[in-house]
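Residues per chain are reported as follows:
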Amino acid sequence: MQTQHALAALAALAQESRLAIFRLLVQTGPDGLAASKIAERLGIAASSLSFHLKELSHAQLVTARQDGRFIIYAAQMDSMDALIGFLTENCCGGAPC
C-alpha cells in the first residue's frame, strides 16, 4: 500500500459516523447492506449517509453495487487488510511480538 492511499483511508476513518459505517459493513461481511439499512441501524440521516459513503468510497474502503432499486454497500476487505498490513509492516523492528 502506498503512503498516500493509507493517509486517505485513515482520514476517511477519522470521523465518528464514517468509522461506525465501516465497522458495521465489516461486521456484515461481503453481502453488504442497503444504504437505507445502514441509515436505520446507525440513525444517520440519508443526506449525511450519502456524504459519508462517498468519502469511504473515494478512500477505497467500501464498494457499491446495484441490486434492483437498492444500492448495496460492502466493506472492501482487501483495502482494510492492506491498511492493517501497512500499519504493522515494521512492527517491533522485525522481532516477533
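Below, the structure is looked at part by part.

All right, on to the sheet that holds strand β2 (residues 62–67) then. Strands sit in the order β1-β3-β2 across an open sheet of three strands; the sheet is antiparallel. Strand pairing shows two members of the sheet lacking a second neighbour, β1 (33–34) and β2, which therefore form its edges. As defined by bridge partners, β1 adjoins strand β3 (residues 70–75) across two bridges and the pair is classed as antiparallel. The residue of β3 that forms the bridge with L33 is Y73. Across the face of the sheet, helix α2 (residues 16–28) comes into contact with β1, β2 and β3 while running at roughly 90° to β3.

Once that is clear, we can look at the nonpolar core. I21, F22, L25, I38, L49, L56 and L61 are the most contacted members of the largest nonpolar core, which totals 22 residues. Of all elements in the fold, only α1 (3–13), α2, α3 (35–42), α4 (46–58), β3 and α5 (77–88) reach the threshold of two or more residues within this core. What L56 contacts, discounting residues up to four positions off in sequence, is A12, L13, R18, I21, F22, L61 and V62.

Rules used in this analysis
Residues numbered from 1 in each chain as written. Predicted model: local features only at pLDDT ≥ 70, side-chain atom pairs only at ≥ 80, totals over all residues. Heavy atoms only, no water. Pairing = 2+ DSSP bridges. Helix = DSSP H or I, 4+ residues; strand = E, 2+ residues; numbered from the N terminus. Contact = heavy atoms within 4.5 Å. Axes fitted to C-alpha atoms, helices over the stretch in contact; angles between N-to-C directions. Core = buried A, V, L, I, M, F, W, Y, C linked by side-chain atoms within 4.5 Å. Buried < 20%, exposed > 50% of the residue type's maximum accessible area, 1.4 Å probe, protein only.

By themselves, these observations are geometric and do not establish any function.
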